[in-house]
Number of protein chains: 2
Amino acid sequence: MEVADTRTRIRAVAIELFTTQGYEQTSLREIADRVGVTKASLYYHYPSKQELLLAVLRPLVVEWRQAVDAAEALPHTPANVRWALENCLDTMLRHRSACALFIRDTAAILATVQPLWAELLELSARLNSWLAGPSPTSADRIRAVAATETLGVALTSTALMPDVPEDELRRTLLESAAAVLGLRRARTRPVDARAAKPA
Amino acid sequence: MEVADTRTRIRAVAIELFTTQGYEQTSLREIADRVGVTKASLYYHYPSKQELLLAVLRPLVVEWRQAVDAAEALPHTPANVRWALENCLDTMLRHRSACALFIRDTAAILATVQPLWAELLELSARLNSWLAGPSPTSADRIRAVAATETLGVALTSTALMPDVPEDELRRTLLESAAAVLGLRRARTRPVDARAAKPA
DNA sequence: GTCTATACCAGGATAGAC
DNA sequence: GTCTATCCTGGTATAGAC
């Protein structure tokens, strides 16, 4: 592989420009120029701008699905809920830029890659429904959505609170989400995981 | 005014198409066709697509500013915090479609109408800083952002939980935001508004 | 003052030469 | 695997009809 092969470089430039400027705001010419090829050459490697976007977003969706699968496999106990929140938050933090794209560019992505978007919606629906617990009231369901939304703050936080250290962010958001769900404060280790059900 | 004047009809069609399809995804031709005029005619009434977007978004920003101003004018007591959350939530609900546009189309709007966007950022910064209270810790600041984000659920809720009645949504979200901020459960009337400070 | 016709340029996409 | 040339659509600008 004498080249840092063009295909890979295109993807790298795309992820950078998409996440800094947005998807619609980034032209193929811009990407091509930065890579040092022509627009037409991009089309040799990726059949469309859409596919390029997919190549950027797919890894996040894959991991996110694993996180939701993992949560669903567990019984809905307070300790498990805490663990699931943590796992989801970490997944988001790991793919921070792709997540930000998803959030900032919702309309464009929705219009562009509908199937991927649909999967993401379905995944968050499953997560929310697990978080709401068995036979949930409307309030339980609302709280579940509110809790996941709370974790989403991790993504806007870089812009709003650049000086806050990541571990404190992580800890506080987890506590906030737990508070929304009516869980009491965390113990150091997840003990008595089978006691009373959450409010 | 024999006509439901063209200018107004353009704006009405724009708000509808922008909010259902997104800003970038809506072409001027589409709007013009729906109104029954040509693209060029749009330009007589609005100097650019941007201006049309501004005309749609401006009312929300105006009211939002009033809500933040009102909050800042009050001392940071638990009762006042509750009242501010409520007021902000209601503002969002009143301008639900414009809010949704702002959230779904962030990247496009950011790129298109930077000054408006900047004002919105500044307003939410002010609101968050008021919510965090005087001399806040990092955790207080994070919680403030998490609480406002919680209210934002009102906007996604229509899609995720279409069957939940609005008043229950409103009540539960306010309680969730209060839980994030560490306020205890609401009394029917805001009594003893000057007692202990929130965690 | 309100609108149409028309032309311009940028961006996504395709065909075909090298 | 990369380029040139070309097409179509969308935002924009202007001249001019009514």
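Rules behind the numbers
- Residues numbered from 1 in each chain as written.
- Chains lettered and ligands numbered in written order.
- Predicted model: local features only at pLDDT ≥ 70, side-chain atom pairs only at ≥ 80, totals over all residues.
- Heavy atoms only, no water.
- Helix = DSSP H or I, 4+ residues; strand = E, 2+ residues; numbered from the N terminus.
- Buried < 20%, exposed > 50% of the residue type's maximum accessible area, 1.4 Å probe, protein only.
- Contact = heavy atoms within 4.5 Å.
- Areas by Shrake-Rupley, 256 points an atom, 1.4 Å probe, with all protein chains shown as cover.
- Near = heavy atom within 4 Å.
- Polar contact = N/O pair within 3.5 Å; in protein donor to acceptor, adjacent residues only side chain to side chain.
- Nonpolar A, V, L, I, M, F, W, Y, C, P; charged D, E, K, R; others polar.
- Least-squares fit on C-alpha atoms with pLDDT ≥ 70 in both.
- Expected span 1.5 Å × (residues − 1).
- Bend = angle between axes of the 7 residues up to and from the residue.
- Axes fitted to C-alpha atoms, helices over the stretch in contact; angles between N-to-C directions.
- Parallel < 35°, antiparallel > 145°, perpendicular 65-115°, else oblique.
- Left-handed = near helix turned anticlockwise from the far one by under 90°.
- Salt bridge = Lys/Arg side-chain N within 4 Å of Asp/Glu carboxyl O.
- Phe/Tyr/Trp six-rings, centres within 6.5 Å; stacked < 30°, edge-to-face > 60°.
- Lys NZ or Arg CZ within 6 Å of the ring centre and 35° of its normal.

Caption draft 1: Quick look at the overall build of chain A. In terms of regular secondary structure, chain A is built from ten helices and zero strands. Starting at the N terminus and ending at the C terminus, chain A contains elements arranged as α-α-α-α-α-α-α-α-α-α. Here chain A, with 199 residues, has 47% of them falling under the buried criterion. Within chain A, contacts between residues separated by at least 24 positions form 70% of all contacts whose residues are at least 6 apart in sequence. Approximately 9,800 Å² of chain A is accessible, and the part contributed by carbon and sulfur atoms is 55%.

Caption draft 2: Local environment of the protein's contact with DNA strand D. As a matter of local geometry, DNA strand D sits amid 15 residues, with T38(A), H45(A), L28(B), K39(B) and Y43(B) nearest to it. Among all atoms of DNA strand D positioned within 4 Å of the protein, those belonging to sugar or phosphate total 56%. In the environment of DNA strand D, a phosphate oxygen lies 2.4 Å from a nitrogen or oxygen atom belonging to the side chain of Y43(B). Secondary-structure elements contributing two or more residues to the surface near DNA strand D are α3 (39-45) of chain A together with α2 (28-35) and α3 (39-45) of chain B. Counting residues per element, the surface near DNA strand D draws most heavily on α3(A), at four residues. For the surface near DNA strand D, the residue count by class is six nonpolar, six polar and three charged.

Caption draft 3: The relation of the copies chain A and chain B, seen in detail. Each copy superposes on the other: chain A lies on chain B with an RMSD of 0.1 Å after a rotation of 180 degrees and an axial shift of 0.0 Å. Taken together, these values place the two copies in the relation of a two-fold axis.

Caption draft 4: Representation of helix α4 (residues 49-72) of chain A. Compared with the 34 Å implied by 1.5 Å per residue over 24 residues, the 34 Å span of α4(A) between its first and last C-alpha is a close match. Considering bend angle alone, the principal kink of α4(A) is centred on L57(A) and spans about 40 degrees; proline P59(A) follows within four residues of it.

Caption draft 5: The packing of helix α9 (residues 138-160) of chain B against helix α10 (residues 166-180) of chain B, seen in detail. All names here are of chain B. Contact pair α9 / α10: the axes reach a minimum separation of 8 Å and the direction vectors enclose 165 degrees. Between α9 and α10, the interaxial angle falls into the category roughly antiparallel. The chirality of how α9 crosses α10 is right-handed. Counting all contacts with α9, which are made through R143, A146, A147, T150, L151, V153, A154 and S157, the residues of α10 involved are L169, L173, L174, S176, A177 and V180.

Caption draft 6: Local environment of the pattern of salt bridges. Scanning the entire structure with this criterion turns up 24 salt bridges over all chains. R65(B) is paired through a salt bridge with E119(B); the nearest N and O atoms lie 2.4 Å apart. Of this pair, R65(B) sits in helix α4 (residues 49-72) while E119(B) sits in helix α8 (residues 114-132), and the two are 54 residues apart along the sequence. Since its relative accessible area comes to 23%, E119(B) is described here as partly exposed. As a salt-bridge pair, E72(B) and R126(B) come within 2.5 Å of each other at their nearest N and O atoms. Of this pair, E72(B) sits in helix α4 while R126(B) sits in helix α8, and the two are 54 residues apart along the sequence. Owing to a relative accessible area of 35%, E72(B) belongs among the partly exposed residues under this scheme. Among the ionic contacts, a cluster of salt bridges with common partners joins D69(A), E72(A) and R126(A).

Caption draft 7: The protein's contact with DNA strand C, seen in detail. If you check the shell around DNA strand C, you find 16 residues, and the closest are L28(A), K39(A), Y43(A), Y44(B) and H45(B). Within the side chain of K49(A), an N or O atom sits 3.0 Å from a phosphate oxygen of DNA strand C. Where the surface near DNA strand C is concerned, the elements lending two or more residues are α2 (28-35) and α3 of chain A together with α3 of chain B. Counting residues per element, the surface near DNA strand C draws most heavily on α3(B), at four residues. Of the residues that constitute the surface near DNA strand C, the class distribution is six nonpolar, seven polar and three charged.

Caption draft 8: Representation of the packing of helix α8 (residues 114-132) of chain A against helix α9 (residues 138-160) of chain A. All names here are of chain A. Packing of α8 against α9 leaves a shortest axis separation of 8 Å and a crossing angle of 120 degrees. Taken together, the axes of α8 and α9 lie oblique to each other. Helix-helix and strand crossings are classified by hand; for α8 and α9 the assignment is right-handed. Side by side, α8 and α9 meet where L127, N128, L131 and A132 of the first sit next to D140, R141, A144, V145 and T148 of the second. Here the residues of the contact of α8 with α9 sort into five nonpolar, two polar and two charged.

Caption draft 9: Local environment of the packing of aromatic side chains. Applying the stated criterion across every chain, the model contains four aromatic pairs over all chains. With a centroid separation of 5.2 Å and 70 degrees between ring planes, the pair formed by F18(B) and Y23(B) is classed as edge-to-face. With respect to class, F18(B) is no different from Y23(B); both count as buried. Its guanidinium or amino end placed over the ring of Y23(A), K49(A) lies 4.4 Å from that ring's centre, counting from NZ or CZ. Against the face of Y46(B) rests R7(B), its NZ or CZ located 4.6 Å from the ring centre.

Caption draft 10: Looking closely at the environment of E51(B). Residue and element names in this part refer to chain B. As for its placement among the helices and strands, E51 is situated in helix α4. Sequence separation of E51 and T112 is 61 residues, and the distance between their C-alpha atoms is 9.6 Å. What E51 contacts, discounting residues up to four positions off in sequence, is Y46 and R58.

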